[in-house]
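Chain by chain, the residues:
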Amino acid sequence: MPPPRLSLLLLLPLLLLLAPPATPQPAPGSGSGAAPQEDDLRCLRGVKKELADPDGRLSSWDFTNTSASVVCNYNGITCWNPQESRVISLSLSGFGLQGALPSSLQYCRAATTLDLSGNALSGPIPPALCDWVPFLVSLDLSSNALSGPLPAELANCRFLNSLKLAGNQLSGQIPASLARLDRLKSLDLSGNRLDGQIPPQLGANFGKDSFSGNSGLCGRPVSSRCGKGLGGAGLGIVIAAGVFGAAASLLLAYFFWRCTGKGKGGRRRQRRGGSESGGAAVEDGSWWAERLRAAHNRLAPVSLFQKPIVKVKLADLMAATQDFNTSHIVVAGSSRAGTAYRAVLRDGSALTVKRLHSCPLSEKAFRAEMGRIGQLRHPNIVPLLGFCVVEDERLLVYKHMESGALSSVMKKPGDAPLDWATRLRIAVGTARGLAWLHHGFQVPQIHQNLSSSAVLLDEDYEARITDVGLTRLVRMAPGEGGDTSPFLNGDFGEFGYVAPEYASNPVGTMKGDAYAFGVILFELVSGQEAAAVVTDVTGEGFKGTLVDWVNQLKASGRIGDVVDRPLRGKGHDKEIEEFLKVAFACTQPRPKERYSMYRAYHSLKGIGQGRDVSEQFDEFPLSYNKEDSDTM
C-alpha cells in the first residue's frame, strides 16, 4: 500500500480535472466604458498625491472606480473622447493647489492643455516639462508663486499656441530659444522679475502688454534700447575707442579691397548678407523679397509644366504680387509649410504663388519632386502649374481658386451661410480627391496635413485639395533638428485634425488622413471650427476640439444640436443623419475601426444621389488598397 503522501500526489491531478472552472473576476474598479490608459491614471494619482488640496477640489478623484466614464468626468479633466479615454486636458485653474509642479505630469503625455493658473504653486518650472507633456498646445501657469529662471527647454513644446506665465516670481533673462515657437499666438510674461534684453523676434511679434511689469526688461517693445548711460569720462573713452576702431577698420577694408579686387560686387554681396542677418529689411520681414529684386534674380525663369504662349519670369510674379506684399497673402493650405500670395498677371489671369519656408533639397532633387507632383492632375486637386528656383528660395505656382479656402468661407462674416446642397457637394468633392490620392496609386499618396484650409473652392464652389506632396519638400530649418521632415517628426497637422494615434506614433497613414477628413465633415455640418467651438447657448468657447464636442453631445443624446442652425428644418434631416454617420466612422479613435477614403467617398456619393454630386470620373479609377486596413 502506497504511503499517504504519495496517495495525495496521485489524486491531485484527478481533483484538478474534476473541479469546476474558475469564473474570471473583474478588475478592481472596473465598470462600464473603456478602461483608461494606465499611464493617465498614474499621472492623476501622482498629481493628487504631490499637490496639497486644502479646498478639497480634487476630492472627486477617489480612484475607486477607474472606468473611463468616471475618470473622464473628474473635476478639471477632459479626455480625447469616451472611447479613447486618454487625458487631453488638465484644467485646474483656481483650485487653491499648493506645492511644486508635479513630476507625475510626465505620465499625461497625450495632454494638449495644462492650466494650473490661479493656484499657490511654488518652486521652479522644470526644464523637462516639455519632455513630460510634448504635445502641449496651451500652457497656463499664471498667478502662482513660481520662481527661478525661464527654462530654455520650453522651446521644445513645439505645438504651443498659448504660453501664459504672468503673475509669478520668475527671474533672469528671457531665453532666445522661445523665438523658435513658430505657432505661438499668445504670450504673457508680465508681472515677473525678468531682466535683460527681450529677444528681438519675440519683441517684434508681441506687444508691450506681454512683457509689462518686469522692470529689468529692455528692448523692443518696452524700450528703444538697452544699456545705461555713461558719464563724461566714460563717454570720452568710448568715443575715442570708436574713432580709433573705425579708422583701423577703414584701413583694413581698403587693404582687403586692393588685394582681392572684389570692388563693387563684394560690397553688393556684403549688403545682401547684411539684410539677411539684421538691418532694416529684416524689420519689415521683406529681406527675402529684397534679394529677389536684384536684376539677375528678376530674370530667373518660371518653369511651367505646360508650355505657355508667353514665357513667365520671376519679375512677372513680383509685379503681380507687388513684390510679395503682405496685402496679397491668402489662405491656401498650411501657413507653416509656406506663405501663399495671390498673383494677378498683366493679362488678368490669377495664380497662387506659395513660398516654401524651408526646403533643403538640392535644386536637382527639388526639380525631380516638382516633376512628380506636377503629374498629379485630378478635378479635385489644385493643379501645380510650375515652380521657380532662385538662390535658396523655392516658389510653387498653383492655379488660383477664386472662392478661397473652405475655412475662410465658413467663417466669413456677413455672408449668407452655405446651403446644404453646397456643403454636401464640397464633402463629396474632397472625398473624391483624397480617395484618388489613397487608392489611385499602388503606393498611396498621403497628404498628412489635411484641414479645411487645405480645401480650396473654385468659382463654382467645387472642392480642390492643395498642398499635396509638400510633406516631401518641407524640412526643419538647419540647426533645429537637421533635415528630417517635421511631418515625420511629430510637427505636422493643425490642432483639431490630428488623429489620436499620432500622439504615440507620428507617422502619416491613410487612416490619419481619413480622421482629418472626418473633422472637415463635422465642420461642414456644424459650422464650427475644428479647434475653437463656440456654443450657441452661452457664446463661450468649449474646452476641447470639435470632435470632443460632437462626441459629448452624442453621448448626452443631443446630436441634433451639432447641426448648424441654418440647416435645421429644411427637409434634409435624413441626409444630414447619414452624413454624420460617415463623419463618426472617419473619426473613430482606433484606426482599424475607421472608414477608408474609398468607403467614405462611396458613402457620401450615395447620399448625394440626385443632387448632381455623384458623377463618376472613369478616367481616375480607384484600384488599390481599398480594404479598411490601417496598415497604410
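Worth saying up front: this structure is predicted, and the values here are computed from it rather than measured.

**Focus: the state of the cysteines**
- Applying the stated rule across the entire model yields three disulfides.
- Each sulfur of the disulfide joining cysteine 43 and cysteine 108 lies 2.1 Å from the other. Taking the torsion about the sulfur-sulfur bond, which here is approximately -105 degrees, the covalent link between cysteine 43 and cysteine 108 counts as left-handed. Taken together, the residues cysteine 43 in helix α2 (residues 38-50) and cysteine 108 in the loop between β3 (98-99) and β4 (113-115) connect sequence positions 65 residues apart. The pair formed by cysteine 43 and cysteine 108 is uniform in burial state, with each residue classed as buried.
- Between the sulfur atoms of cysteine 130 and its disulfide partner cysteine 157 the distance amounts to 1.9 Å. Taking the sign of the S-S torsion, about -100 degrees here, the bridge from cysteine 130 to cysteine 157 comes out left-handed. Highlighted residues: cysteine 130 in helix α4 (residues 129-132) and cysteine 157 in the loop between β7 (145-149) and β8 (162-164), separated in sequence by 27 residues.
- The exposure class of cysteine 157 is buried, given its relative accessible area of 0%.

**Things to note about the pairing of strand β18 (residues 393-399)**
- Burial analysis of β18 places six of its seven residues in the buried class, which makes it a mostly covered element.
- As paired strands, strand β16 (residues 350-356) and β18 are joined by five bridges and run antiparallel to one another. Counterpart to leucine 351 in the pairing with β18 is lysine 399.
- Across six bridges, the pairing between strand β17 (residues 384-390) and β18 is antiparallel. Its bridge partner lying in β18, valine 390 is registered against glutamate 393.
- The turn linking β17 back onto β18 is made up of two residues, and glutamate 391 within it adopts a positive phi angle of 50 degrees.

**Description of the pairing of strand β15 (residues 338-344)**
- With five of seven residues buried, β15 lies mostly within the body of the structure.
- Where strand β14 (residues 329-330) lies against β15, two bridges are found, and the strand directions are antiparallel. Within the sheet, the bridge partner assigned to isoleucine 329 lies in β15 and is tyrosine 341.
- With seven bridges joining them, β15 and β16 adopt antiparallel strand pairing. Bridge pairing links glycine 338 to leucine 356 in β16.

**Quick look at the packing of helix α15 (residues 510-526) against helix α17 (residues 573-586)**
- Packing of α15 against α17 brings their axes to within 7 Å, and their N-to-C directions diverge by 150 degrees. Considered as vectors, α15 and α17 are oriented roughly antiparallel to each other. Judged by the sense of rotation from one axis to the other, the crossing of α15 with α17 is left-handed. Where α15 abuts α17, its residues Ala514, Tyr515, Phe517, Gly518, Leu521, Phe522, Leu524 and Val525 lie against Ile576, Phe579, Leu580, Val582, Ala583, Phe584 and Cys586.

**With respect to the sheet that holds strand β19 (residues 404-405)**
- Spatially, three strands are ordered β19-β20-β21 in an open sheet, and the strand pairing comes out antiparallel. A strand with exactly one partner marks an edge of an open sheet, and here the two such strands are β19 and β21 (463-465).
- One ladder, built from two bridges, connects β19 with strand β20 (residues 455-457); its direction is antiparallel. Paired with glycine 404 across the bridge in β20 is leucine 457.
- Running over the sheet, helix α14 (residues 420-439) touches β20 and β21 and is turned about 30 degrees from β21.

**Focus on the packing of aromatic side chains**
- Tallying each qualifying case throughout the model produces ten aromatic pairs.
- Between tryptophan 61 and tyrosine 74 the ring centres are 6.0 Å apart and the planes differ by 20 degrees, which places this aromatic pair in the stacked class. Of the two residues, tryptophan 61 sits in the loop between α2 and α3 (68-71) while tyrosine 74 sits in the loop between α3 and β1 (77-79), which places them 13 residues apart along the sequence. Pair check on accessibility: tryptophan 61 and tyrosine 74 agree, each one buried.
- Look at phenylalanine 324 and tyrosine 341: their rings are 5.2 Å apart centre to centre, the planes differ by 80 degrees, and that puts the pair in the edge-to-face class. Taken as a pair, phenylalanine 324 in the loop between α11 (314-320) and β14 and tyrosine 341 in strand β15 lie far apart in primary sequence, 17 residues in all. This pair shows no difference in class: phenylalanine 324 is buried, exactly as tyrosine 341 is.
- Members of the aromatic cluster, joined through ring pairs, are Trp61, Phe63 and Tyr74.
- Taking NZ or CZ as reference, arginine 394 lies 5.3 Å from the ring centre of phenylalanine 366, over its face.

**Some words on the nonpolar core**
- Of all hydrophobic cores here, the largest spans 60 residues; its most connected members are Phe517, Leu521, Phe579 and Leu604.
- Among the secondary structure elements, those contributing two or more residues to this core are α13 (406-410), α14, β20, β21, α15, α16 (546-555), α17 and α18 (597-607).
- The contacts of leucine 604, once residues within four sequence positions are left out, are Ala427, Val428, Ala431, Phe517, Leu521, Phe579 and Val582.
- Counting 51 residues, the second largest nonpolar core, distinct from the first, contains Tyr74, Cys108, Leu163 and Leu170.

**Description of the environment of leucine 361**
- Looking at where leucine 361 falls in the secondary structure, it is placed in the loop between β16 and α12 (363-374).
- Once residues lying within four places of it in the same chain are set aside, the contact partners of leucine 361 are Phe366, Glu369, Arg394, Arg472 and Leu473.

**Some details on the environment of proline 301**
- For proline 301, the position within the fold is in the loop between α10 (295-298) and β13 (303-304).
- The exposed category is assigned to proline 301, whose relative accessible area is 57%.
- If we skip the residues at most four places from it in the chain, proline 301 touches Val312, Lys313 and Cys388.

**Quick word on α12**
- Here α12 is twelve residues long and its end C-alpha atoms lie 16 Å apart, about the 16 Å a rise of 1.5 Å per residue gives.
- Taken together, the buried positions of α12 are Phe366, Glu369, Met370, Ile373 and Gly374. Angular distribution of buried residues about the axis of α12 spans 130 degrees; they occupy a single face of the element. Among the exposed residues of α12, those pointing more than 90 degrees away from its buried face are Lys364 and Ala368.

Reading guide: rules and limits
- Residues numbered from 1 in each chain as written.
- Predicted model: local features only at pLDDT ≥ 70, side-chain atom pairs only at ≥ 80, totals over all residues.
- Heavy atoms only, no water.
- Disulfide = S-S within 2.5 Å.
- Helix = DSSP H or I, 4+ residues; strand = E, 2+ residues; numbered from the N terminus.
- Buried < 20%, exposed > 50% of the residue type's maximum accessible area, 1.4 Å probe, protein only.
- Pairing = 2+ DSSP bridges.
- Axes fitted to C-alpha atoms, helices over the stretch in contact; angles between N-to-C directions.
- Parallel < 35°, antiparallel > 145°, perpendicular 65-115°, else oblique.
- Left-handed = near helix turned anticlockwise from the far one by under 90°.
- Contact = heavy atoms within 4.5 Å.
- Phe/Tyr/Trp six-rings, centres within 6.5 Å; stacked < 30°, edge-to-face > 60°.
- Lys NZ or Arg CZ within 6 Å of the ring centre and 35° of its normal.
- Core = buried A, V, L, I, M, F, W, Y, C linked by side-chain atoms within 4.5 Å.
- Expected span 1.5 Å × (residues − 1).
- Arc of directions from axis to C-beta.

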